[in-house]
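Descriptive structure summary
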Amino acid sequence: MESTLSVDHILTNYYTFGSLIVTVLLAVLSTFFFSLKDKTVATKHMALACLFLALFQLGYLLGAFYYHPIASYHRWMTGGIIIFGIIHFGQYFFRFPDNRDAKAANIIQAVSYAIAVVVVLWFLVSVSQGERKYHFTAHHWDFNSEGASRILSLFIAGYSFINFIALPCYRLLNVEKDKRSTLFVIMIAGLIAAVVPNLTNVMSRDGAMERSTYLTAIVLAFTFSFFIITITFINNSIERTTFMVKIVGISFVTILLIMQAFSYLVDQEKELSFDNTAIQKALRVAEGGERSKDIVFVIEYDSNGQNLKKAYLPSNVTLDLPLVQADLYNTAFYDEVISVGEDDYRSSIKALLGKTPYYFEGYKNAILNFLEENGDLEGKELKAEVSKLIEKLNKRTFINTNKLADIDPDVFCEEGVKYIEKVKNVDTFRDSILKHVNECKWDGKEISGRDLKVEMLKYFRYFKPDLTRHYRKDLDGLSHYVAYMTYDAKKKINREVGFNYRDYRNYMHKSAKLELVILAIVMIVLLVIFPLFFRSALVNPLYALLAGVEKVNQGNLEVEVPIKVNDEIGYLAESFNGMVSSIRDARRELQDYAENLEEKVKERTKELQEKMDEIHRLKVQQDGDYFLTSLLAKPLCFNANKSENIRCDFFVHQKKTFEFRNKTGDLGGDICITGNLKLGKPDDFRRYTMVMNGDAMGKSMQGAGGSLVMGVVMNSIMARSAGNKRILNRTPEEWLTDVYEEVNAVFKSFSGTMVISATVMLIDDETGKIWYFNAEHPYSILYRDGKASFIESELKLRKLGLDSEYPFEVQTFQLLPGDQLILGSDGRDDIDLTPDEDVRTINEDETLVLRFVEESDGDIYEVERLVKNAGDITDDISMLSVVFKSEKTPIHHTNKR
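Now for a quick tour of the structure. All values reported here derive from a predicted model rather than from experimental measurement.

What counts, and where the lines are drawn
Residues numbered from 1 in each chain as written. Predicted model: local features only at pLDDT ≥ 70, side-chain atom pairs only at ≥ 80, totals over all residues. Heavy atoms only, no water. Axes fitted to C-alpha atoms, helices over the stretch in contact; angles between N-to-C directions. Helix = DSSP H or I, 4+ residues; strand = E, 2+ residues; numbered from the N terminus. Parallel < 35°, antiparallel > 145°, perpendicular 65-115°, else oblique. Left-handed = near helix turned anticlockwise from the far one by under 90°. Contact = heavy atoms within 4.5 Å. Nonpolar A, V, L, I, M, F, W, Y, C, P; charged D, E, K, R; others polar. Disulfide = S-S within 2.5 Å. Patch = residues over 30% accessible without salt bridge, like charges linked within 9 Å, V, L, I, M, F, W, Y side chains within 5 Å. Areas by Shrake-Rupley, 256 points an atom, 1.4 Å probe, with all protein chains shown as cover. Salt bridge = Lys/Arg side-chain N within 4 Å of Asp/Glu carboxyl O. Phe/Tyr/Trp six-rings, centres within 6.5 Å; stacked < 30°, edge-to-face > 60°. Buried < 20%, exposed > 50% of the residue type's maximum accessible area, 1.4 Å probe, protein only. Lys NZ or Arg CZ within 6 Å of the ring centre and 35° of its normal. Core = buried A, V, L, I, M, F, W, Y, C linked by side-chain atoms within 4.5 Å. Polar contact = N/O pair within 3.5 Å; in protein donor to acceptor, adjacent residues only side chain to side chain. Pairing = 2+ DSSP bridges.

**Brief notes about the packing of helix α11 (residues 345-353) against helix α12 (residues 361-373)**
Put simply, α11 and α12 touch, their axes get as near as 11 Å, and they point 155 degrees apart. If you check the angle between α11 and α12, you find them roughly antiparallel. When you trace α11 past α12, the crossing you get is left-handed. Residues Arg346, Ile349, Lys350 and Leu353 of α11 pack against Lys364, Ile367, Leu368 and Leu371 of α12. A per-class count over the contact of α11 with α12 returns five nonpolar, no polar and three charged.

And the structure:
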């Protein structure tokens, strides 16, 4: 390796770019929080949290772009700083928004810091004593200190629970309701930033996933979480911020997210491009072609003879050849298994297993056990299941390889054997290894810890499919290689072609360096050019407008805000100038009125008196019209029912009341009429009771006019139908049809200026059967056995006087002895539920009247009282009660207005 400090070691990649984005984001957020004027204590801790997390990400940035063992010390930053960021996050939650529990918060912070300092110092010492290793998938150097890292991760998990769950939940229970949503959103965002990296970190160090997955997860989790935190804070902060901060801040975070996605896509394309080029060179060598200069080594493995050949291996390249041989064999075997035909698959796979070397015994026994346990499987199904088993074993061996590789060779005799004895889910591998091991002896021979480690690792070598990238470490511990295998199935030869890992990093560095330049340009645009542009186009005009507002508040009405550009802000400034001008003119008029107030009052008083006299004359004339109309309407509302089986009662209370010549009256559009008639032949007829309840549309005179027309027409029809004990040779359907057509024609002649909703019924006095039509009138109520319900469920006819899209049809219903039917206008529903408030709340529950009917036991007058108790009645109200063959004593009311 070259000297420790050299620009040649600076090799950027996707992880460099991702870590840089998060570092810059957190640094900018920390600066923003610190720069806020009059910031709260909670905001100060948010600034400190972002600062520590920025330093934490800076550690990964240093590790990702500097390809030298010295970069292992980034672990001091990534492991030693994160806890302090978590502490300050918890302090933000506990002190939000007003630091009311300052004493308790200070105690928690002091205790947390004291423990964290001790843990971090212990961790730094422990880490420094470990040897250095290289994470290929994450592309950075690190210390082999998994034990210390595991203990630190437990502390981090504990601190995360306290500061991201316990403290925020406590504050959520005690903070004001309007602040809970803000705190909750930031808590969830913080949990995402804590939980996802914690889990992936532990899993990657245990070998359950690649280290690159953890680095990708932490970048994505941090970027997403702090995007949410930024948006939430800016939109809900009690600290004073500016439009500039909101625009630039949100734009900055959004662009960083886009840049992160862009970098990932470009990196994947470059990775694929490098693999394709390297694979082509490897295939050329396998086919006997020229070996390119960038190929570092070529190793061949003969599967038939199970021997290794150093086709091209310079002396300066020292590989762990036993492990290379195991890898080459596994790849060849994997390719053979994939190519085995489905016919007679069981015997073919057993034949392959019979030729395997000793270090393949773990896989071999696992597959043979599976074949024995699944004797009913054959052909295609068996091949698919064996392939699944191999994939499962491959994942398990990957985990165990990582754990065994982390054990120091000096203690491998004890720790390695102890690990093998306790390992789970790979019983066949464990049993195969333990047959050879006895303390530090392998097959009875003394062996070093390093050689014992190699022997055990040979058993756990996982399958690397050919033509896929993998990595090799030189025995010097410093040099690294990128390698590809090419398997020749005909000759049973597997070749591994290796390239210098630094060449790969240089290749990725070119595009990553360009991405960093683009990122720098974007940051300059966002943090420098954006503010300059918006300062002249947005901020300065807004400040000018605010200055004008402040002057007006101070009483200066001679202000005029300059308008530079006719955009939205220019329009706002123009409107503000117009408003100030209007206020100025109004003040002048008011001053003029004040100077001539006495004379103007006399003049206005005289004009007002003349208008009042005129209004009085018109009112007297109008009340006379009301009085005459009410006199005409009263005789038309007549309860003429004389049936013994059907009792009828109704009331009509109009909303409009008036007084004329010391007499009071009411006027409206509601009307009720009952009567009796005979239908059928003279020697075979039936008695019927007719009931009608209607509500003419319009206020006062218009509604009264409609009820007058309805009353005259219906009374005329009843007189024609039942006068002089007449028996009308019509069916109930025919009679109701004639009524509908006649009344509808009369109202249609008014060309829509007068319409009425109504329900008209004919009830058989003996059977209780009802024939009726409902012309867009409120549903009729059936009161039976103490329960109230509607007999209709949908609109089937428009109001009388309007064209109806529904064909006219007479409806029927059967009453039972003791049943009560209640017809009513919509005044029963039009109730102002908040009469004492400025804004009316009209009842929208049409079933409310059903509860009133049940409470009053069917007494329509008691129903009206309950309606009035619920609120103010806003319309005319009328109710008509029909009781069929009831033995119940009727309720008498003395006051039926």
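**Examining the state of the cysteines**
Here the structure, examined in full by the defined rule, presents one disulfide. Covalent S-S linkage joins Cys413 and Cys440, the inter-sulfur distance amounting to 1.8 Å. Placement of Cys413 in helix α14 (residues 412-422) and of Cys440 in the loop between β5 (437-438) and β6 (441-442) is noted, with a sequence separation of 27 residues between them. Between Cys637, a free cysteine, and Cys672, which holds the nearest cysteine sulfur, the sulfur-to-sulfur gap is 6.3 Å.

**Overview of a nonpolar patch on the surface**
Taken together, the side chains of Phe262, Leu514, Val517, Ile518, Ile521, Ile524, Val525, Leu527, Val528, Ile529 and Leu532 present a nonpolar region at the surface, about 920 Å² in accessible area. The element contributing the most residues to the nonpolar patch is helix α17 (residues 501-553), with 10 residues.

**Re the packing of aromatic side chains**
One pass over the full model with this rule turns up 56 aromatic pairs. Ring geometry for Tyr740 and Phe773: centres 5.6 Å apart, planes at 75 degrees, overall edge-to-face. Within this pair, whereas Tyr740 is found in helix α21 (residues 732-748), its partner Phe773 is found in strand β18 (residues 769-775), the two being separated by 33 residues in sequence. Since its relative accessible area comes to 9%, Tyr740 is described here as buried. Under the relative-accessibility criterion, Phe773 is labelled buried at 2%. Ring plane angle 10 degrees and centroid distance 4.3 Å describe the contact between Tyr740 and Phe808, whose orientation is recorded as stacked. Of this pair, Tyr740 sits in helix α21 while Phe808 sits in the loop between β20 (787-790) and β21 (811-814), and the two are 68 residues apart along the sequence. Just above the ring of Phe94 sits the side chain of Arg171; from NZ or CZ to the centre is 5.3 Å. The ring centre of Tyr462 lies 4.5 Å from the NZ or CZ of Lys464, which sits over that ring.

**Description of the nonpolar core**
Among the nonpolar cores identified, the biggest contains 71 residues, and Phe33, Phe89, Phe222 and Phe226 are the most heavily contacted of them. Those residues within four positions of Phe33 in sequence are excluded, and the remaining contacts are Lys39, Thr43, Met46, Ala47, Cys50 and Phe233. One finds Phe333, Leu377, Leu404 and Leu452 within the second-largest nonpolar core, a separate group that totals 57 residues.

**Let's talk about the side chain of Asp819**
Position of Asp819 among the secondary structure elements: in the loop between β21 and β22 (820-824). According to the relative accessible area criterion, Asp819 is buried, its value standing at 2%. Within polar-contact distance, the side chain of Asp819 engages the side chain of Arg784 at 2.6 Å. Apart from the residues within four sequence positions on either side, Asp819 is in contact with Leu782, Tyr783, Arg784, Val882, Val883 and Phe884.

**Focus: the sheet that holds strand β3 (residues 295-302)**
Read across the open sheet, the five strands follow the order β4-β3-β10-β9-β8; overall the sheet is antiparallel. Of all the strands in the sheet, just β4 (307-312) and β8 (470-473) have a single pairing partner and so form its edges. Strand after strand, the sheet turns through a mean of 30 degrees between neighbouring axes, direction not considered. Looking at chain direction, β3 and strand β10 (residues 493-500) are connected through seven bridges and run antiparallel. Across the sheet, the residue bridging to Tyr301 is Asn494, located in β10.

**A look at the sheet that holds β5**
Through backbone hydrogen bonds, the strands of a sheet pair up, either in parallel or in antiparallel fashion. Strand order in the open sheet formed by three strands is β5-β6-β7, with antiparallel pairing between adjacent strands. Edge positions in the open sheet fall to β5 and β7 (445-446), since each of these has one partner strand only. In this sheet, β7 lies alongside β6 in antiparallel orientation, the contact comprising two bridges. Counted as the bridge partner of Lys441 is Glu446 from β7.

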